Amino acid sequence: MFARVSFPISSFRSFTYKIPISLNGTVQPGTCVNAPINRRLQPGFVVAVSADSGYKGKILTIDSIREKELHIPEELWQTLEWISQYYITPLGQVLKAAVPNSFLKLYKPKQVQFVRITPKGLNAISNFENKKPAQKRLLEALSCINEPVKTASLTEFASSPHTVCSQLEQSGLIESLSQPQITDPFEIMGPGEFQNIQLSKEQQGVVDSIQNAEKGFHPYLLHGVTGSGKTEVYLKLAQTTVREGKSVLVLVPEIALTPQVASRFRKAFGSRVALWHSRMTKAEKGWTWQQLKKGEYSVVVGARSAIFAPLKNLGLIIVDEEQESSYKQENPAPRYHARDVAMVRGKQSNAAVLLTSATPCLESYYNVLQNKFTLLKLTKRYGKSNYPAVELVDMKKEYSDDGSALLSKSLIQAINDRLERSEQVIILQNRRGYSRVHQCLECGEIKKCKHCSVALTFHRTDNNLHCHYCEAFEIPESKCGQCNAENMTFSGSGTQRVEDVLQQQFPDAKILRMDMDTVRGKGSHIKILEKFANGKADILLGTQMIAKGLDFENVTLVGVINADSGLFFPDFRAGERVFQLIYQVAGRAGRRDKPGQAIIQTYNPDDIYIQTAAALNTKKFYNVALAQRQELSYPPFSRIGRILFTGKNKLIVDDFAQRVGRKLQGNSNYKILGPAAAPIEKIKGNWRAHLIIKSKSRNISSLHQFIHSTIGFIIFERKWKGVRILIDVDPVSML
């Protein structure tokens, strides 16, 4: 017997090996084996098993099975093979993304002590002697918490919590247990408790539609207005699925930015939930992966790479905020979209797939129109809350004498009103830093990054100019490097400048800023959101990370500083993204019984995307956007692939792009746009050119065949004269 083995390398080839007699019957597709390559043993995964090899040369023998626990389940294996074919990526690279080498190393996490109160402890509190105040304080604290608490976190009740807990445990008043130390932003390690979720009639209708359908693969799109209680719906569905003995996979755009969703799953399912997020170390992810293989968890909540979690008996996949671009992997390969992979994995697992959003992407909406997805709707806000009143402000009429108005009169008055009523405000400015441009007023020269073709952003925190692409920074100079004039100025506004203006306008207000600069520290995003939720701040200012998934009952006003941000990007999805951002952030206001208001500031009040978002008119938006896409033959009415050329030498990069472009010309079924310089022509010292292949057929296999027959796939395996050539199927970013 012979096996074809794929290694985690950038090659479309797999290698043939003999299966030793001792391993016959145990080696099958998905098995992780040790096999010799380049004179050393390397871990690889078996792609196929056959009775003859068809290879005439010398055939080496598989050494051993790496570890039985690392065998990839059949449905996941089939999904990985689909990713390799669809995204034109070597299977070895797909496996490297799904099962990194760090997962293959045995890792035992450190054990951490947790404690919880016993029934005896609960009864003892009222008669507890005052001679032991620390013990009493600690018991009272534990009596208010339903799950185990990390002993080390109890320092505010006892200066030496381990000592005090040891004394209480000896008396039988508390009990201790050990848990593996895995980075958990919520630090909820208890068993969880069943939550009796009260659903509205409309919510119950959605749940019934899914539960009463035939068991097996069904793709659903839950289109619910903001605040309609989509989380309650899929939490209820998850509870039912777990009770039936099946597992649940919940994808969120970024777990750090959607703590309320992840936290609710933690409270409902406790230690049966595995979190999968960017703050975990590779070793922690590897340990969690191995626990999943053993069936230790029934629910996984995580970002896009959680789609590879080896859950057993998968019954439900939920993709929350399915329109989010962060579900698309940009670099390195495979450049997969987790939403689309979720559909394939659901089909292979015979599981239901539920996409949820207040502003579904056009591709998903079109799939509903084509009867590929079942549409479920939540048209009313949950409870007593109503949708906010939205006001569109034309900032051309608001200019101050120095031409730098940031806050309109309407927004200033509305913030004042909320502060007087002790209500809270969210302000969106989708640009971080202080000033976006450092420019010479004599010759107009804009200070750019030396390594990237982007303007440097001034940050007040360290008074330096920063590049947001390569992290380079430099001290701003008073003299222009082009004409030597001493007339440099700062213009454009980021979150830091908006924070200054707000503080000057409302000196008594407590302001929290949430952007990439303030959430770098571990757990910092949670602390900011907790402070705001607990009423310790009046205004939450931030970038798009505050626009979605957050629910604060005292927020009654949302202000958008510049709704035009991103509107004129050279990207056919620019208008769609602006609509989604404005619609979503407006939905943060008026989440309970207090009326909400959203004020949208813009210099383009007549733009159709801004108008439909301000009117909260999703139907008109989809009609307009789909008509525009159809007219220009962009997705979802066509398939596109983007080929990107990068390298240190601009002439060689451009030459390669032209040569590949010429090879692709001549087929009337495909339109080739470019090659041309990428909108951001240089990043981290690499010059960039790109071309777009637009297929008239929506059948992706025809696009694959066209690329394979004209330029082949081997072109994507390695550098050519220092030029790296990358393929991106269904690209999300065109920059």
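Note: the structure precedes this text.
First, a word on scope: everything that follows refers to the structure included in this document. Given the structure is predicted, the values throughout are model-derived calculations rather than measurements.

1. Some points on the state of the cysteines
Part 1 of the reasoning: Scanning all chains against the criterion turns up zero disulfides.
Part 2 of the reasoning: Just so you know, C449 is unpaired, no disulfide at all, and the nearest cysteine sulfur is the one on C470, 3.6 Å from it.
Part 3 of the reasoning: C480 takes part in no disulfide bond, and the closest cysteine sulfur to it belongs to C443, at a distance of 3.7 Å.

2. Some thoughts on the pairing of strand β14 (residues 352–357)
Part 1 of the reasoning: Among the six residues of β14, six are classified as buried, and the element is accordingly described as predominantly covered.
Part 2 of the reasoning: Alternating residues of β14 divide into A352, L354 and T356 and V353, L355 and S357, and every residue in both groups is buried.
Part 3 of the reasoning: Inspection of the sheet shows strand β9 (residues 218–224) paired to β14 by six bridges, in the parallel sense. By the bridge assignment, Y220 is partnered in β14 with L354.
Part 4 of the reasoning: The handedness of the strand β13 (residues 314–319) to β14 crossover, carried by helix α10 (residues 338–349), is right-handed.

3. Considerations on the sheet that holds strand β20 (residues 464–466)
Part 1 of the reasoning: Judged by pairing direction, the sheet is antiparallel, and its three strands sit side by side in the order β19-β20-β21 without closing on themselves. The sheet is open, and its two edges are formed by β19 (457–459) and β21 (473–474), each paired on a single side.
Part 2 of the reasoning: For β20 and β21, the ladder comprises two bridges, and the chain directions are antiparallel. In the sheet register, L465 faces β21, and the bridge partner there is E474.

4. Quick notes on the environment of V624
Part 1 of the reasoning: Turning to its location among the elements, V624 is positioned in helix α17 (residues 618–632).
Part 2 of the reasoning: Judged by relative accessible area, V624 falls into the partly exposed class, the value being 22%.
Part 3 of the reasoning: The sequence separation of V624 and Q665 amounts to 41 residues, and the corresponding C-alpha distance is 32 Å.

5. Quick word on unusual backbone geometry
Part 1 of the reasoning: Cis geometry is adopted by the peptide bond preceding P334, which originates at A333 and carries an omega value of 5°.
Part 2 of the reasoning: Inspection of the secondary structure assignment puts P334 in the loop between β13 and α10.
Part 3 of the reasoning: Not every positive phi belongs to a glycine, and N350 is a case in point at roughly 60°.
Part 4 of the reasoning: With respect to the secondary-structure elements, N350 resides in the loop between α10 and β14.
Part 5 of the reasoning: Accessibility expressed as a relative area gives 48% for N350, which makes it partly exposed.
Part 6 of the reasoning: Positive phi outside glycine occurs at K684, with the angle close to 55°.
Part 7 of the reasoning: Within the element layout of this structure, K684 appears in the loop between β28 (670–683) and β29 (686–695).

6. Things to note about the packing of helix α6 (residues 201–211) against helix α7 (residues 230–243)
Part 1 of the reasoning: At their nearest, the axes of α6 and α7 sit 10 Å apart, and the two run at 40° to each other. The two elements α6 and α7 cross, and the hand of that crossing is right-handed. For the pair α6 and α7, contact is made by Q203, V206, V207, I210 and Q211 and by E232, V233, K236, L237 and T240, respectively.

7. Side note on the packing of aromatic side chains
Part 1 of the reasoning: Taken as a whole and assessed by the stated rule, the structure comprises 20 aromatic pairs.
Part 2 of the reasoning: Here F12 and F713 contribute two aromatic rings whose centre-to-centre distance is 5.6 Å and whose plane-to-plane angle is 35°, an arrangement assigned as tilted. With F12 in the loop between β1 (2–6) and β2 (15–18) and F713 in the loop between α19 (700–710) and β30 (724–729), this residue pair connects regions lying 701 residues apart in the sequence.
Part 3 of the reasoning: The exposure class of F12 is partly exposed, given its relative accessible area of 29%.
Part 4 of the reasoning: Of the residues examined, F713 reaches a relative accessible area of 19% and is grouped as buried.
Part 5 of the reasoning: Both rings, one in W82 and one in Y87, keep their centres 5.8 Å apart while their planes meet at 90°; by these two values the pair is edge-to-face.

Thresholds applied
- Residues numbered from 1 in each chain as written.
- Predicted model: local features only at pLDDT ≥ 70, side-chain atom pairs only at ≥ 80, totals over all residues.
- Heavy atoms only, no water.
- Disulfide = S-S within 2.5 Å.
- Buried < 20%, exposed > 50% of the residue type's maximum accessible area, 1.4 Å probe, protein only.
- Helix = DSSP H or I, 4+ residues; strand = E, 2+ residues; numbered from the N terminus.
- Pairing = 2+ DSSP bridges.
- Right-handed = clockwise from strand over helix to strand, strands pointing away.
- Axes fitted to C-alpha atoms, helices over the stretch in contact; angles between N-to-C directions.
- Left-handed = near helix turned anticlockwise from the far one by under 90°.
- Contact = heavy atoms within 4.5 Å.
- Phe/Tyr/Trp six-rings, centres within 6.5 Å; stacked < 30°, edge-to-face > 60°.

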